[in-house]
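Tertiary structure, described
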Amino acid sequence: MADSAGNRAELLRGEFLGQTALIPWRELQTHYAGGRVVVVEPALDLVEVAVQLGMDNAGLFRSWIERGEVAAVSDDQARAWLECERELWAVVAPPWVLVQVPG
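Figured I'd write up the structure that's included with this text. (Residues numbered from 1 in each chain as written. Predicted model: local features only at pLDDT ≥ 70, side-chain atom pairs only at ≥ 80, totals over all residues. Heavy atoms only, no water.)

With that out of the way, let us pick up the packing of aromatic side chains. A complete count under the given rule lists three aromatic pairs for this structure. Centre to centre, the rings of Trp 25 and Tyr 32 are 5.6 Å apart; their planes meet at 65°, and the pair counts as edge-to-face. The same class applies to Trp 25 as to Tyr 32, namely buried. Summarising the aromatic geometry, the rings of Trp 25 and Trp 81 are spaced 5.1 Å apart at their centres and angled 70° between planes, so their arrangement reads as edge-to-face. Here Trp 81 lies in helix H5 (residues 75–83) and Trp 25 lies in the loop between strand S1 (21–24) and helix H2 (29–33), a separation of 56 residues in the sequence. Each member of the pair Trp 25 and Trp 81 is classed as buried. Ring pairing ties together the aromatic residues Trp 25, Tyr 32 and Trp 81, which thus form one cluster. (Phe/Tyr/Trp six-rings, centres within 6.5 Å; stacked < 30°, edge-to-face > 60°. Buried < 20%, exposed > 50% of the residue type's maximum accessible area, 1.4 Å probe, protein only. Helix = DSSP H or I, 4+ residues; strand = E, 2+ residues; numbered from the N terminus.)

So this is what it looks like as structure tokens:
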């Protein structure tokens, strides 16, 4: 069982890595309006967060949320990113779009 979970994690890692891209915030506005955009702190690996989301690792995800390392994008963040035409790293981990400010 652990081996199949490891294989699934590796498959997801490859998939998410291939889909990760730098994208202007303005192109994510529809997803933000739908409440589906999550910001990931730069200290975390964006692809690994997507993998753990895809693996439904609720315990780890909960700890990231509690520490403020993963959170819904706030209205203030969204406004600031739009005003400065911010580009963000993004990956889609359905139904979520995970974003991260480039470091």
